[in-house]
Amino acid sequence: MSEKPDLPPDSIEARAARRVRKKIGFYIHALVFVLVNLGFVVVHLLNGRGPGLIWPWGIGLAVHGLLTFVSLQGEGVRERMIREEIERMKRDKK
């Protein structure tokens, strides 16, 4: 999914497209994580061997999720701070 070239990068449509890409990227990562771990369980059930080290990838998935959703929440914080700063600058200009 690519942005339309005629959209300004700060338009709401372009920002929404970036946010959706971030969410989809995380969902794909989570799906692959679940599928691989299901494969590990199947291998374990078939031959009784342990699945190996899956924790590092689980930690990576958790970090990816945190970064994705915290960054999406941060967009609203940045916009609010910019509005407040503009108001402060207008007040100080008078």
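Now for a look at the structure at hand. These numbers were taken from a predicted model, which means no experiment stands behind them. The residue numbers shown here count from 1 along each chain, following its written sequence. With pLDDT at 70 or above as the cut-off, local features in this predicted model cover only qualifying residues; side-chain atom pairs require 80 or more to be listed or tallied, and sums for whole chains, interfaces and linings still use all residues. Processing note: side-chain calculations cover all non-hydrogen atoms of the structure and skip hydrogens and water entirely.

## Quick notes on the pattern of salt bridges
Pairing is possible between side chains of opposite charge, provided their charged atoms come close.
Next, step 1: Any Lys or Arg side-chain nitrogen found within 4 Å of a carboxyl oxygen on Asp or Glu counts as a salt bridge. Scanning all chains against the criterion turns up one salt bridge.
Next, step 2: When the shortest N-O distance is used, the salt bridge between R88 and E85 registers 2.5 Å. With a gap of three residues between them, R88 and E85 both fall in helix α2 (residues 55-93), about one helical turn apart.
Next, step 3: Relative accessible area serves as the criterion here: at 37%, E85 is assigned to the partly exposed category. Strands are runs of DSSP state E lasting at least 2 residues, helices are runs of H or I lasting at least 4, and numbering of each runs from the N terminus. Only protein chains enter the accessibility calculation, which uses a 1.4 Å probe. A residue is then buried if its area is under 20% of the maximum for its type, exposed if over 50%, and partly exposed in between.

## Topic: helix α1 (residues 12-47)
Next, step 1: Between its first and last C-alpha, α1 extends 53 Å over 36 residues, near the 52 Å set by a 1.5 Å rise per residue.
Next, step 2: In the stretch just after α1, G48 is the one whose phi turns positive, near 75°. To estimate the expected span of a helix, subtract one from its residue number and multiply by 1.5 Å.

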